[in-house]
Amino acid sequence: SALVAIAAAPFSSAFTARGNGLMSSPNLNSLSSMTAASNLSPISSIINKQRSSLHLVSPHDIMDADFISTATSFLLSRGSRGSTENAIPPSEGVTLTILTAGFAAIVSFLANEYKFLKDKSNVMDGALNKKERDYTFVDLVDYRLDYFFSTNEWAKVILLFGLSYVLVVVGAGLLVIGDSDDYDSISEAAWTSWTYVVDPGAQADAPSELIPRAVSLFVTLGGLLVFALLIGIVGESIGEKIEDLKTGKSRVFESGHTLMLNWNDKSIAVIQQIALANESEGGGVMVVLSQLEKEEMEERLESAINAKENPLDLMGTEVVFRQGNPILENDLKKVSADTARAVIALTPPDFDSDEADANMLRQVLAVKALDKDFGSDGERHVVVELQDVDNKELIKMVAPDFAEIIVNHDMIGRLMLQCARTPELAYVLDSMMGFEGSEFYFDTWPELYGKTFKEITVRFDEAIPVGFRSEDGGVRVNPMDNDVYQEGEEILVLAEDDDSYEPNDGTYPLTAGDCIGNEEECPLYDAVRPPEKILFCGWRRDMSDLISQLDEFVPAGSELWLLNQIPANMRENRLLDGGNKEKLKLKNLIMKNVVGDHILRRDLKRIWDTNAEGGYTGEKITLDQFDSILILSDETAMKSGEKGSTSSDSRSLAAVLIIQDMMEKMYELKKRKFASSPEPIKPPCVPVSEILDTRTKSLLNVANCKGYVLSNQIVSSVMAQVAEEKDINVVLSELFSSDGSETYIRPVEKFVDLDEEDSMSFWDVALKARQYREVVVGYKPADLDYEDAEELIINPPNKSVPRRWKAGDKIVVFSLED
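Since the model is a prediction, treat every value here as computed from it, not as a measurement.

Undergrad: Quick question: what am I supposed to make of the overall build of the chain here?
TA: Helix and strand content of the chain: 28 helices and 23 strands. Counting every position in the chain, which comprises 818 residues, the buried fraction comes to 48%. Excluding contacts between residues fewer than 6 apart, the proportion of contacts in the chain whose partners are at least 24 apart in sequence is 73%. A total of about 39,700 Å² of accessible surface is found on the chain, and carbon and sulfur atoms cover 53% of it.

Undergrad: What's the story with the sheet that holds strand β9 (residues 475–477) in this structure? I'm lost.
TA: As a general point, the strands of a sheet are linked pairwise by backbone hydrogen bonds and lie either parallel or antiparallel. Across the sheet, 4 strands lie side by side as β7-β10-β8-β9; this open sheet has antiparallel pairing. In this open sheet, the two strands that pair with only one neighbour each are β7 (439–443) and β9. Across this sheet, the average inter-strand angle for adjacent strands is 35°, counted without regard to direction. Across 6 bridges, the pairing between strand β8 (residues 463–469) and strand β10 (residues 490–495) is antiparallel. Bridging across to β10, R469 finds its partner in E490.

Undergrad: Can you help me understand the pattern of salt bridges in this one?
TA: If charged atoms from side chains of opposite charge come close, those side chains can pair. A complete count under the given rule lists 31 salt bridges for this structure. Between E690 and R540 there is a salt bridge whose closest N-O contact spans 3.0 Å. Of this pair, E690 sits in strand β17 (residues 688–691) while R540 sits in the loop between β11 (533–537) and α19 (543–553), and the two are 150 residues apart along the sequence. Each member of the pair, E690 as well as R540, is classed as buried. Note that K592 is salt-bridged to E619, the shortest N-O span being 2.6 Å. Of the two residues, K592 is situated in strand β13 (residues 589–595) and E619 in strand β15 (residues 616–621); the sequence distance between them amounts to 27 residues. Given a relative accessible area of 9%, K592 falls into the buried group. Because the salt bridges share partners, they merge into one network encompassing R469, E490, E725 and D727.

Undergrad: Hey, could you run me through the nonpolar core in this one?
TA: General note: in soluble globular proteins, nonpolar side chains tend to be found buried as a group. By size, the foremost hydrophobic cluster in this structure holds 114 residues, and its most contacted members are F440 and F536. Look past the residues within four positions of F440 in its chain and what remains in contact with it is M432, V466, L492, V493, L494, Q721, I728, V731, L732, L735 and F814. Membership of the second largest hydrophobic core comes to 26 residues, among which are V252, V287, V364 and I405.

Undergrad: Quick question: what am I supposed to make of the pairing of β13 here?
TA: Two faces make up the sheet, and in a regular strand the side chains alternate between them. Bridge analysis of strand β12 (residues 558–564) against β13 gives 7 bridges, and the strand direction is parallel. From the neighbouring strand, L560 faces β13, where its bridge partner is M591. Viewed along the sheet, the connection from β12 through helix α20 (residues 568–576) into β13 turns out right-handed.

Undergrad: I would appreciate a short explanation of helix α6 (residues 92–128) in the present structure.
TA: Given 3.6 residues per helical turn, the α-helix brings residues three or four places apart onto the same face. For α6, with 37 residues, the first-to-last C-alpha span of 54 Å sits near the 54 Å given by 1.5 Å per residue. Positive phi appears at N129, one or two residues downstream of α6, with a value of about 55°.

Undergrad: Looking at this model, I keep getting lost on the environment of E296. Mind explaining?
TA: On the secondary structure map, E296 appears in helix α12 (residues 294–305). For E296, a relative accessible area of 28% corresponds to the partly exposed category. A sequence separation of 49 residues divides E296 from T247, and the C-alpha atoms of the two residues are 9.6 Å apart. Within the structure, the side chain of E296 is placed 2.7 Å from the side chain of R300, a separation counted as a polar contact.

Undergrad: I tried to follow the packing of helix α25 (residues 711–724) against helix α26 (residues 728–735) on my own but got confused; where do I start?
TA: Between two packed helices, both the angle of their axes relative to each other and the distance between the axes serve to describe the pair. Relative orientation of the contacting elements α25 and α26 amounts to 145°, with a least axis distance of 8 Å. Note on element contacts: α26 touches α25 through I728, N729 and L732, opposite V718, Q721 and V722. Residue classes in the contact of α25 with α26 are distributed as 4 nonpolar, 2 polar and no charged.

Undergrad: Before we go on, may I ask you to explain the pairing of β12 in this structure?
TA: Taken across its 7 residues, β12 has 7 buried, putting it largely inside the fold. A two-sided burial pattern is seen for β12, the buried positions comprising S558, L560, L562 and N564 on one face and E559, W561 and L563 on the other. Where β11 lies against β12, 5 bridges are found, and the strand directions are parallel. Residue pairing across strands places I534 opposite L560, the latter belonging to β12. With α19 bridging β11 and its parallel neighbour β12, the resulting β-α-β unit is right-handed.

Undergrad: Would you mind showing me how to read the side chain of D809 here?
TA: You can see D809 is positioned in the loop between β22 (802–804) and β23 (810–815). D809 gets classed as buried once you look at its relative accessible area, which sits at 0%. Of the polar contacts made by the side chain of D809, one reaches the backbone nitrogen of A782; its length is 2.7 Å. There is a polar contact of 3.5 Å between the side chain of D809 and the side chain of R803. The residues contacting D809, other than those within four sequence positions of it, are R746, P747, V748, K780, P781, A782, R803 and R804.

Undergrad: Looking at this structure, how should I read a negative patch on the surface?
TA: There is a patch of like negative charges on the surface, built from E436, E447, D461, E462, E496, E502, D505, D785, E787, D788, E790 and E791. Within the secondary structure, E787 sits in the loop between β21 (774–780) and α28 (790–793). Classification of E787 by relative accessible area gives partly exposed; the value is 42%.

Undergrad: Help me understand the side chain of D551 in this model?
TA: Secondary-structure assignment places D551 in helix α19. Although D551 is buried, it makes no salt bridge; K587 carries the closest opposite charge, 6.4 Å away. At 2.7 Å, the side chain of D551 and the backbone nitrogen of N588 are in polar contact. Excluding its chain neighbours within four sequence positions, the residues that come into contact with D551 are K585, L586, K587, N588 and L589.

Criteria and thresholds
- Residues numbered from 1 in each chain as written.
- Predicted model: local features only at pLDDT ≥ 70, side-chain atom pairs only at ≥ 80, totals over all residues.
- Heavy atoms only, no water.
- Helix = DSSP H or I, 4+ residues; strand = E, 2+ residues; numbered from the N terminus.
- Buried < 20%, exposed > 50% of the residue type's maximum accessible area, 1.4 Å probe, protein only.
- Contact = heavy atoms within 4.5 Å.
- Areas by Shrake-Rupley, 256 points an atom, 1.4 Å probe, with all protein chains shown as cover.
- Pairing = 2+ DSSP bridges.
- Axes fitted to C-alpha atoms, helices over the stretch in contact; angles between N-to-C directions.
- Salt bridge = Lys/Arg side-chain N within 4 Å of Asp/Glu carboxyl O.
- Core = buried A, V, L, I, M, F, W, Y, C linked by side-chain atoms within 4.5 Å.
- Right-handed = clockwise from strand over helix to strand, strands pointing away.
- Expected span 1.5 Å × (residues − 1).
- Polar contact = N/O pair within 3.5 Å; in protein donor to acceptor, adjacent residues only side chain to side chain.
- Nonpolar A, V, L, I, M, F, W, Y, C, P; charged D, E, K, R; others polar.
- Patch = residues over 30% accessible without salt bridge, like charges linked within 9 Å, V, L, I, M, F, W, Y side chains within 5 Å.
- Lys, Arg positive; Asp, Glu negative; His and termini not counted.
- Charge placed at Lys NZ, Arg CZ, Asp CG, Glu CD.

So this is what it looks like as structure tokens:
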């Protein structure tokens with residue numbers, strides 16, 4: 001009777017609350033009389049207490065501890081069959097309390113849900129305004145179930161346990177009511193009902209009476225449903241967990257790792273450089289966060305590792321991928337951005353320059369918001385790739401202390417300009433920027449305190465001293481000879497690794513760098529250059545910045561010819577970038593406009609200057625008259641989708657082959673035409689092309705194209721070096737700037753009089769170069785190509801051993817003057 005009262009209470013509460021008369025006052029009187037007759041006086045008193053308000057017991061009252069305790073205590077004082085001889089032992093109270101409380105909770109939940117749906121039904125009927133109802137109560141139930149299962153991650157588990165609980169309670173109750181001598185205790189009945197639920201074979205041991213067997217069959221069938229539900233839930237949960245692992249949703253627990261945000265065409269090269277940097281430490285951990293699917297990034301990495309040409313070697317470095325948005329704090333926390341040693345933020349693909357830079361600003365702010373102390377210790381920093389140099393100040397404004405900015409187009413533009421005038425420089429810079437050979441390192445050497453830079457020049461057998469870093473963080477590249485190394489400063493060197501060099505005994509003589517007599521008698525190198533003629537093929541969004549940089553490099557009176565498909569009357573507006581840039585103020589350059597396609601021979605044959613109205617000015621030139629030819633990545637091809645790099649490289653490769661072929665034919669024709677002339681015929685220049693995809697390099701070698709710059713490869717190497725040591729950014733910025741010490745390739749005759757002293761060591765040449773304030777970093781023998789002389793171009797071995805120099809040898813230097 002107590003179980004009946006408890007089970008009926010929520011339903012009666014729900015019905016009386018709606019005033020539908022299902023639990024009217026007479027019904028309450030009957031229930032009160034029934035409970036009184038059954039001697040259930042505690043429950044009867046509760047019912048009588050609610051009679052006046054027509055409200056029996058609310059769902060919250062059902063769960064009231066006093067109510068359950070009173071009902072349970074009363075039942076424990078009764079016998080299992082109503083006699084005092086068979087009174088329920090106190091131990092049965094635990095079972096009865098659990099069954100009663102659980103069943104009451106389930107009934108209470110169902111009653112509340114029923115009331116909610118009836119109320120919603122009434123609201124819907126009112127909104128329909130007497131229109132015909134186009135839904136059923138079952139539709140409301142489906143809607144509620146859909147909401148419950150989509151918003152509650154434990155919904156399936158709750159359903160599983162709730163169904164199991166109801167089966168056990170109902171089965172136990174029926175077994176006890178069935179008056180079988182085998183179930184004279186509540187605990188025994190509950191346990192038997194549980195075995196029917198979990199073990200279908202348990203019904204074989206059921207008593208032979210009809211009611212126990214019927215109960216066993218009913219509960220077993222319900223148990224099969226529960227088991228099927230259990231298998232489904234477990235299988236789905238495991239599948240979801242595996243899917244989460246595959247899609248990269250789990251959190252990364254790392255510290256001191258390198259974090260790369262976004263994925264673009266530089267990502268593989270960055271991973272390769274970080275792996276090379278970690279090689280000396282036995283490997284490291286690199287985490288990648290991108291909106292690309294984790295499986296897609298893993299496939300790209302696996303493809304690079306299994307490539308037949310230049311396969312990626314991780315060298316013990318672990319690469320962990322996670323899918324997420326780099327501008328969201330939660331996703332940054334998922335990859336432990338706040339404990340990363342360095343963060344490399346790459347520009348997202350398929351964005352225009354301004355949109356990409358705005359995205360980078362948000363990424364920097366997100367990192368700062370995640371950890372407000374990020375970078376305050378000077379150890380952690382963010383390397384940010386930007387597209388437009390005009391947006392550089394935005395990043396400096398929000399993160400002046402921990403953001404190191406690499407302006408992609410600006411750096412490549414300066415690099416291209418240097419290589420256009422000296423094509424072989426691309427090999428040198430490619431070797432210098434990566435971790436494959438020698439790279440830049442800072443270190444402190446107390447034994448060298450008080451030494452001048454000239455003295456330190458010959459103090460490292462396995463490194464090239466380049467400059468100093470002061471105590472306040474300032475870097476001096478190519479300092480004066482008498483610049484003294486002070487306590488607290490660090491020496492900047494080019495070395496194979498940070499632990500691969502140390503000072504020697506300092507006994508090497510410095511006499512090779514001494515001037516004879518007074519300072520005026522030191523040799524001077526005539527660097528006066530005639531005006532140049534330069535051809536730019538293609539168009540870039542930052543063309544204005546590129547032209548401004550070129551204007552700083554070339555002598556006055558030089559000509560720049562622009563060959564592209566943009567009409568001449570539109571170019572001025574394109575150079576102004578819609579008003580975002582100032583009008584060009586050129587000091588040394590004279591611009592000429594040519595309309596045409598640089599992959600078409602007919603356009604390359606007709607290089608005629610065009611005025612703003614589209615008419616010809618009368619000035620024209622041929623390819624063989626140019627001192628430098630620069631083929632830029634095609635802006636139109638780059639917008640063709642994810643294969644933009646390949647499309648741009650295809651046009652660049654075609655342009656190089658056509659231009660080389662045309663210039664070679666022009667050169668051969670001139671040699672035949674002026675064979676009897678005593679004047680030497682100027683050989684054609686080497687066209688330099690910007691290559692984005694490193695896989696194109698092999699095609700260039702097959703086609704015997706020597707002038708190319710792997711722009712993405714070099715930018716990736718620079719970003720990796722700055723990630724390892726933030727102050728390297730200052731060094732590299734100076735090497736690419738027209739105001740700092742740039743990289744040049746000098747003829748050996750500048751430093752060595754081959755008629756008088758053709759045999760001397762590398763250190764002797766380095767000391768002689770100090771007379772011109774130049775730092776010698778390597779050399780290339782005349783009988784070797786740059787690729788074959790890779791070990792000699794930067795930080796060569798055997799620096800103190802004399803060698804015989806000859807005409808054609810090249811010296812690689814850092815110098816303030818061209």
